[in-house]
Structure formats: structure tokens, C-alpha cells
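# Examining the three-dimensional arrangement
Residues per chain, in single letters:
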Amino acid sequence: MQIDFGDVLRERHRWALEHKEKGGLMMGCYSAMVPEELMWSCGVLPVQFLMSSGDYGESQAYLPPYVCDCSKSIFEEYVNGTYSYLDGLMVSHVCETIRSLAGILSVRRPDRFVHVFTAPAGNDAGARRYLKSELIGLGDKLQSLGAVPMSEERLEEAISVYNENRALISELYRVRGGNPGSVEPEEVLSAVLSAGIMPRPQHNQMLRGFLKTIHQGPEKTGTRIILSGLLFENEVAGRGNLFSIFRESNALVVWDDLATGMRYRFERIEDLEGGDPLDRLVESLMGPQPAPLRSPAEGKAGQLLQAARDYGGEGVIFLIPKYCDPILFNIPTLTQILKEHGLPALCLEVSGSLPEGQMRTRVEAFLEMISGSPFNV
Amino acid sequence: MKDERLSNEQISQVRKDYTKSFYARIRQAKKEGRPVTYTTALGPTELLYAMGVEVCMPENYVTICCAKQMAKGFCEEAETHSISPDLCSYARCGLGMMYSMDGPMGALPEPDFIVGAVSACDPHAKWWELKARHYNVPLFLMDSSYNFKGQIKPHQEAWMISELKRLADFVEEQTGNPFVEDDFRECVRLSGEAHSTFAEIQELRKHIPAPRGIREMVGDLFYLITQAGRRESVEYYRMVLKETRERVRRGEGVLDEEKTRLYFHNIPLWFNLQIFDWLAAQGAVVAMDFYTNHVWHGFFFDGGRFDSEDPFRDLARKWLFFDNHVGLPVKLSRSLISAREWGCQGAIFFSNRSCKVYSIGQPEQISALEQELGVRSFTFEAEMADPRSFSMDRWKEHMCMFLDFL
Ligand code: SF4
Ligand code: SF4
């Protein structure tokens, strides 16, 4: 059977509603830097918000014009009832906008559970102690909402489900990096984004099947590019024009961090012999983190350079959501470091939908410039 | 201190002279090889001063830049270095000064290390990261949990205390200056006294006519931000308190006859503080404002005092009640208290493109003021440190209509 993660994104609420029917709880989340394993172990499905394709007119009276489309979309769908099945909201402090948005939603719906989760940027004893208490407190709060009580055994199980998921996604990235023509970039991104809205055991099953369907045919040739930043789902699930431009320009995406920065953590949670699963979860949530606010840009630059080395990337295209401060602040450092290493970069501002004409010209000119000069440092 | 009275101009001259000497002190420290740090305007100066570090706050330097009408050029300079015009104008102007090695009193001396705050806002982390990279110096980022509803749990306080102790270790490592508990205790005590005195001054603003205006108050804030932990801040506030009490006793106000008392929300437009003079000319006084009362002073505004006997704990609490660290439920209740208790009949909400942390959530505050107090609001959009964002003529036109309406 054909496995299409695009379908999962198109029917984005199906999985959550099914989980609810079985008596589970649902937590609307923003960013992967929330304790998803803990929630899942308590029978709570973390549902990462996906973007709606609206003009966000409703949000205008409540949010200033200088905030990202992503926060407008969450606001709108939260208040118009699209996410009425949620039992609560948990956002991670990855930017000021999302933290402030949580405040608005909590004032508008004081009856609902709203939690701002802080995953410490540093990793020291004080931060570890804090985070452990925070997670224990969170378990209690979830229980008071009707969730299953926290237990070591269930948490251990959840960690292993999530670890398998990370391993499968890493494998998908490795396969794509080795032969980028073998799988379309939208398929990879849809697979990662789907992880945020469906139960991981089912996602693992789909991913296993999907990996088997990837045919390693002859290697395609083209300009090998890396994508970095954040891309909203309507560009992915809706087969947006960005990827068509790449295809028509014979560009091959070899690696991306588009969904990983905010939505997904790649690193598996270490299996420390006999270690308390809660301690291991704490360790995995501590800095340095994928969210650009909470880790220095140098780390991200190193990751991009490594991906270029591993997969023969010839250039990086940064996709920057309008008004996304943490990503915007990283750009000067990232472009400077990449330049110092001879890896060309293009910055494209993206909003809910990308204006095609201008983008096509810029992408084509960039690809023409970099084509045939593989990064080799 | 002498017994004779001081005019607002004289007080403001004391502050201006001290500001100059403060920047001279930093330059002198640099010359003598004493440690100089850059920190954000929320930085824990009490700890840094206790450890013999000179504290330089680029945000404060930006406000001086704005007053001298130099900010536009520096913002533009930053934009040529890939700093987006959509980012906070403090950061843009500050980075512009850094790139062009210039400023209102010349370039700031280079820092030996930098103390930012990832918990406070996006620029408080990332702007400082850019600076640390530029000067190639170590960066320390303070982190803390969010005080969403104004109730601090023990593990939140404990983490904050551990962050302050981690900073003390870092400073010791950078400077070789040992952390001396008694020195720190004294600095925190002085900071507590400065805040308590400042709270008394704020309290006096409840009088009609209001004895001290927002222009003076935002100037006064210099000591609370940059000098917390130093004796000079306590002396300054005592002087201002004494004079303000005297003004109350004599019935002297910003205006002899107040037609309207207003609440002002957000950072002042540093390049155009004249808007407050213009308001005064229309008979309107800003009787209370968010910036001087809620941001640094939030813990004290909410009734807290440095009385725990543990200086780390006191400072941790101050930190966790900065407006940057509290959620909208707390911000909202603070706005209601300020408008109600200081007798405001109208409110001005400045929607500040530069500052998401203070601006997102304003509509909820506006409707709460209207529903609970019948206080109507006027909103305008601009940026506190980029004059390109603001047209005085248009603002006056809209403001006239609002005042007429009130
Ligand atoms: S797009 Fe950027 S600014 Fe918007 S919510 Fe996500 S991280 Fe925050
Ligand atoms: S103005 Fe706002 S965004 Fe800018 S540094 Fe200050 S608190 Fe942060």
C-alpha cells in the first residue's frame, strides 16, 4: 500500500480524535522542546499545532501585525473551535511570541489548562533539579486533568517508542542524503511533521513501511542544496510552489532542519544502564537545544557544514518566517560562518504562502551561481 | 544633604552629571584593567557590583543615543550587517553602534565578558550572543522559568538562586575576584532600599495634582536599572522623595490643574519624550505608567520587599517578577491596579513593533480597563528607538480626538 504522510497532514485532526474516542487526553503543543514522552506515558497525545491556510483576519484584533503567521494561525484555530478537542495547551519557551500567545489564550479561556514549559538553555545541577521537579509537577497536573498517573515503567516504554521514532527518522534522512532523488523533500518533511500529530507507535509503523518503499534507483544528478529555518506546513502538505521551483531548477534537497528546529528532536534519549527514565528525559531536554533562541548560532552553523560535508551540499537556503526573531537573529552569524567556509547561502523570507515570481528568480539565480561547485572543506 | 529645595531641572542636572560620570567610570576601569561587563537592562547589577565589576548597559546607551537624535543612523548601520529591520530597535541601534565603533559619547569600551538573559526576551539572548561573538569574549546567559500567574513555586525560586550562584562562579573565573557574601548582602540591601524609596515616590504620584511626571520618572529609572546595588541610587531616590513630598505638601504638580489623568503602557519613545510635554500642554498628565512601575519594579509593585534574610533569594524574586518574566494574567492585573489606584481616566497603549514581550496582550489589557474601570484607551504603533517609525503630526491629530472624546 502506498504510504503518504501528506494524507496525515491533510487529515490532521483524525488521529487526535481517534485517541480521544479511546479515552485519551490531548495536549496542543508548540515546539518539540516539551516533554512528549512524559505526556505519552500518561496517555496524553501531544498534538503539535499545524498552520492553517487562512488570512488570519480573526487574529487582527488581538495580535499585533508584527507577529509571525504561525502564532496568528494558532490563535485563530484555538479560539474558533478547530482545536476544541484539546484538553490543554503546552508551549515551550522558544520565542517571546509563543510565550505571550499562551498568556492571551489563558486569559481568553481561563477554564483551560495552559502551561509554558521552559527547557533550560544550560545543563548544570541546578537546572537539572529544577527540570526534574517541573516534570514531576507536570505529571501531577496531567493526572488532575484525568490522565494516567506517571510511572517509571510507562515512561520507559514511551522513551523507547520515541527513540525508535528518532532512529527511523534519522534513517530516512540518511537514505535521502545518500540519494536525494529517491524521495521527494515534501515526503520527508511530511513524515517528520506527521510525527507531531499522531501516536508514535502508529507513526513508527508507517515509517517502517515507508522506508521499505523507497527505491534506491540510479543516483539523480542536480544541484545539491540544504534547507534551514522554518517552513510552514501549507508549503509542505499543499505541495507548495517552493518545491516545484526546486524540481524545475533541477535542485536536490539533501538535508534540512526545517521541522527539527522547532518541531522535532533527533537525538535519542540515552539508555543509561539502570538510569531513572525521568533523569534521562531531563537530560535530553536540557541545552544546547535545537530551538535557535536557546542555543548559539555557531552550533547550528556547525551542523549545516557537517551536513554539507556528509551529503555533498553545494549551498544553503534559509527559509525565514516573517517576524520570527530567534531565526532572524541567527542569520548574520550563520551566513558569516558559512561564507568563511565557502558554503554559499541564500536567505528567503517566507510567510504563510510564498510569493512565487520573486522567489523563483532568486532561487534560480542562486542555483545557477552555486551549481557545479560542491562544498569541499 | 542640604535642606533647600531642588527644582526638577536641578534634579535632572544631578542625574545627567552622574550619568556622565558613570560612563567615565567605565572608561577609567577599562584603562586601569579592571573588569568591565556588558549586561542587559535586567542584569543583576547587585551581584556584579559586589564582585568589583563595572557594568555597562548598551540599552541605556541607546536611550542616550535616541535623546541626541542619533539612533536612526545606527539602526541603518546595523541593517547593512544583515540585522533585520523587523528586530528590536534597541538591538539594532546597539549593534549599529558596535559595528560603527561609535556612540553618543563615543564608542563604549569593549567588554571583558557579557551577561545576557535567555529568559527575558529573544533579543536579550541573541543580541548578546552577537556581541560576544563580535568582541570574542565569554558569554553568560541567565535562564529562569516563567512566572505565568504570579505564584512562584520553590523549585522555580531554587533554580533562579542557582543561576545567580552560577553567575558568581563565572564572574570569579573571569575576573579572579572572589565572591564575598557580605559585599553581596550589602549591595542587595542597598538595592532593596532604592526600590522601597522608589516605591514611595510612585505612591506620591497618586496625589492630585501629580507631583512628578513621567518625563522625570523615566529619567529617575536610570538609577534603578544601572545603579541597583550602589549607594548613589539610594541617595538619589532619597533626594527625589524628599522633594516630591514637599511638592505634595505644597500642592505643586506637573500641572496646576489636571484635566485628564492617563495611564501609559510600554516603553517611552526615547527620541520623542516631548509627547509628554505636548500632553501636559493639553491638560493631560500621565499619572502612572507601566514602564517605571512594572518592568524592573514589578516585585515591589506587587508588594514584595527584600526581607528574606537571604540576598540570593531576594534577588531571585526580583528577577522572577520583572515584567519580562510574568505572564499576561499578572500583566493584566498590574495594569488594572495602576490605572485604578492612580486615578487614570484614560490610557495610552503604545504598540511597540520593537518589543513583543510588552506589546502582545495589550488588547486584553485594554478591554479589561474598559470593562472593569470604564477606562478607554488610545493605541498607536511605533518603535521606541527608531524615529523612522513615528509621525508626531499624525499622533497629535489622533491624540486630540482621543482627549476630546475623554
Ligand atoms: S515562527 Fe518563530 S516567532 Fe513564530 S511562534 Fe514559531 S518560533 Fe516563535
Ligand atoms: S525592548 Fe523588548 S524586545 Fe527589545 S530588548 Fe527590551 S524587552 Fe527585549
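Residues numbered from 1 in each chain as written. Chains lettered and ligands numbered in written order. Predicted model: local features only at pLDDT ≥ 70, side-chain atom pairs only at ≥ 80, totals over all residues. Heavy atoms only, no water.

### Details of the nonpolar core
If you look at the biggest cluster of nonpolar residues, it comprises 249 residues, and the most contacted ones within it are Phe246 of chain A together with Tyr90, Leu279, Tyr291, Phe380 and Met399 of chain B. In this structure, Phe380 of chain B is in contact with Phe264, Leu269, Ile348, Phe349, Phe350, Ser351, Phe390 and Trp395 of chain B, ignoring residues within four places of it in sequence. In this structure, Leu38, Tyr130, Leu155 and Leu281 of chain A belong to the second largest nonpolar core, which totals 29 residues. (Core = buried A, V, L, I, M, F, W, Y, C linked by side-chain atoms within 4.5 Å. Buried < 20%, exposed > 50% of the residue type's maximum accessible area, 1.4 Å probe, protein only. Contact = heavy atoms within 4.5 Å.)

### Overview of the site of ligand 2
All names here are of chain B. Around ligand 2 there are 13 residues in total, and Cys88, Tyr90, Cys121, Asn324 and Cys355 lie nearest to it. Those elements that place two or more of their residues in the shell around ligand 2 are α6 (122-135) and α16 (356-359). Each residue belonging to the shell around ligand 2 can be placed in one class, and the counts come to 9 nonpolar, 3 polar and 1 charged. (Near = heavy atom within 4 Å. Helix = DSSP H or I, 4+ residues; strand = E, 2+ residues; numbered from the N terminus. Nonpolar A, V, L, I, M, F, W, Y, C, P; charged D, E, K, R; others polar.)

### Structural notes on the interface of chain A and chain B
In this assembly, 52 residues from chain A lie in contact with 47 residues from chain B. Carbon and sulfur atoms supply 61% of the area buried between chain A and chain B, which totals about 4000 Å² over both sides. At the surface where chain A touches chain B, the tally comes to 5 salt bridges. Secondary structure elements with two or more residues in the side of chain A that touches chain B: α5 (96-108), β4 (113-117), α6 (125-144), α13 (297-311) and α14 (325-340) of chain A. (Buried area = accessible area lost by both parts, 1.4 Å probe. Salt bridge = Lys/Arg side-chain N within 4 Å of Asp/Glu carboxyl O.)

### What about the packing of aromatic side chains?
All chains considered together, the criterion is met by 43 aromatic pairs over all chains. Arranged with centres 6.2 Å apart and planes meeting at 25°, the rings of Phe378 of chain B and Phe380 of chain B form a pair that is stacked. Phe380 of chain B matches Phe378 of chain B in its accessibility class, with the two residues each being buried. Site record: aromatic cluster; members linked through ring pairs are Tyr18, Phe22, Tyr23, Tyr61, Phe198, Phe222, Tyr223, Tyr236 and Tyr237 of chain B. Just above the ring of Tyr78 of chain A sits the side chain of Arg112 of chain A; from NZ or CZ to the centre is 4.7 Å. Positioned above the aromatic ring of Trp342 of chain B is the side chain of Lys206 of chain B, whose terminal nitrogen or guanidinium carbon lies 4.6 Å from the ring centre. (Phe/Tyr/Trp six-rings, centres within 6.5 Å; stacked < 30°, edge-to-face > 60°. Lys NZ or Arg CZ within 6 Å of the ring centre and 35° of its normal.)

### Considerations on the sheet that holds strand β2 (residues 54-56) of chain B
Residues and elements named next belong to chain B. Reading across from one edge, β2-β1-β3-β4 is the order of the 4 strands in this open sheet, with parallel pairing throughout. Each having just a single partner strand, β2 and β4 (139-142) make up the two edges of the open sheet. Direction aside, neighbouring strands of the sheet carry axes that sit 25° apart on average. Pairing analysis gives 4 bridges linking strand β3 (residues 113-117) to β4, with the strands arranged parallel. Following the sheet pairing, Ala117 is matched in β4 by Met142. Here helix α1 (residues 8-32) sits on the sheet in contact with β1 (36-39) and β2, set at roughly 120° to β2. (Pairing = 2+ DSSP bridges. Axes fitted to C-alpha atoms, helices over the stretch in contact; angles between N-to-C directions.)

### Brief notes about unusual backbone geometry
Of note, the amide linkage connecting Ile208 of chain B to Pro209 of chain B takes the cis form, showing an omega dihedral of 0°. Turning to its location among the elements, Pro209 of chain B is positioned in the loop between α8 (181-204) and α9 (214-226). Phi angles above zero are rare outside glycine, and Tyr323 of chain A is one such case at about 65°. Of the residues examined, Tyr323 of chain A reaches a relative accessible area of 13% and is grouped as buried. A positive phi is found at Ser82 of chain B, a non-glycine position, where the angle reads about 65°. The topology assignment puts Ser82 of chain B in the loop between α4 (71-79) and α5 (89-100). When its relative accessible area of 42% is taken as the criterion, Ser82 of chain B is described as partly exposed.

### What about the sheet that holds strand β8 (residues 345-350) of chain A?
Residues and elements named next belong to chain A. Pairing is parallel in the open sheet, where 4 strands are placed in the order β6-β5-β7-β8. A strand with exactly one partner marks an edge of an open sheet, and here the two such strands are β6 (251-256) and β8. Adjacent strand axes in the sheet meet at a mean angle of 30° when their direction is disregarded. As paired strands, strand β5 (residues 223-229) and strand β7 (residues 315-321) are joined by 5 bridges and run parallel to one another. Within β7, the residue paired with Leu227 across the bridge is Ile317. Against the sheet, helix α7 (residues 152-178) engages β5 and β6, with an angle of about 150° to β6.

### Considering the pairing of strand β5 (residues 260-265) of chain B
All names here are of chain B. The buried fraction of β5 amounts to 6 of the 6 residues, a majority that puts the element mostly inside the structure. Both faces of β5 are covered, namely the face carrying Thr260, Leu262 and Phe264 and the face carrying Arg261, Tyr263 and His265. Where β5 and strand β6 (residues 284-289) come together, 5 bridges link them in parallel fashion. The partner of Arg261 across the bridge, within β6, is Val285. With respect to chirality, the unit in which β5 leads through helix α11 (residues 274-281) into the neighbouring parallel β6 is right-handed. Across 4 bridges, the pairing between β5 and strand β7 (residues 346-352) is parallel. Across the sheet, residue His265 finds its bridge partner in β7, namely Phe349. (Right-handed = clockwise from strand over helix to strand, strands pointing away.)

### Let's talk about α13 of chain A
Here α13 of chain A spans 21 Å end to end across 15 residues, near enough to the 21 Å set by a 1.5 Å rise per residue. Ala297, Lys300, Ala301, Leu304, Leu305, Ala307, Ala308 and Tyr311 of chain A are the residues of α13 of chain A that are buried. Seen along its axis, α13 of chain A keeps its buried residues to an arc of 160°; they face one direction. Where α13 of chain A is buried, its residues touch α7, β5, β6, β7 and α14 of chain A together with α6 of chain B. (Expected span 1.5 Å × (residues − 1). Arc of directions from axis to C-beta.)

### Examining the packing of helix α7 (residues 154-175) of chain B against helix α14 (residues 311-320) of chain B
All names here are of chain B. In the contact formed by α7 and α14, the axes pass within 9 Å of each other and the chain directions differ by 110°. Comparing their axes, α14 and α7 come out roughly perpendicular. Contact residues: α7 offers Gln156, Glu157, Met160, Ile161, Leu164 and Lys165, while α14 offers Phe312, Arg313, Leu315, Ala316, Arg317, Trp319 and Leu320. The residue makeup of the contact of α7 with α14, split by class, is 8 nonpolar, 1 polar and 4 charged. (Parallel < 35°, antiparallel > 145°, perpendicular 65-115°, else oblique.)

### Re the environment of Arg247 of chain A
All names here are of chain A. Its place among the elements puts Arg247 in helix α11 (residues 241-248). The class for Arg247 is partly exposed, based on a relative accessible area of 37%. If near-sequence neighbours (up to four positions away) are discounted, Arg247 is found in contact with Glu184, Pro185 and Glu186. Here the side chain of Arg247 touches Glu186 through a polar contact of 2.6 Å, side chain to side chain. (Polar contact = N/O pair within 3.5 Å; in protein donor to acceptor, adjacent residues only side chain to side chain.)

### Describing the packing of α11 of chain B against helix α18 (residues 392-405) of chain B
Residue and element names in this part refer to chain B. Their axes nearest at 12 Å, the elements α11 and α18 cross at an angle of 35°. Crossing angle aside, the handedness with which α11 passes α18 is right-handed. Residue-level inspection shows Gln274, Ile275, Trp278 and Leu279 of α11 in contact with α18, the latter providing Met392, Trp395, Lys396, Met399, Cys400 and Leu403. Each residue belonging to the contact of α11 with α18 can be placed in one class, and the counts come to 8 nonpolar, 1 polar and 1 charged. (Left-handed = near helix turned anticlockwise from the far one by under 90°.)

### Thoughts on the pattern of salt bridges
Residue and element names in this part refer to chain B. A complete count under the given rule lists 68 salt bridges over all chains for this structure. One salt bridge connects Asp323 with Arg334, and the closest N-O pair in it is separated by 4.0 Å. Of the two residues, Asp323 is situated in the loop between α14 and α15 (328-341) and Arg334 in helix α15; the sequence distance between them amounts to 11 residues. Judged by its relative accessible area of 1%, Asp323 is buried. Given a relative accessible area of 0%, Arg334 falls into the buried group.

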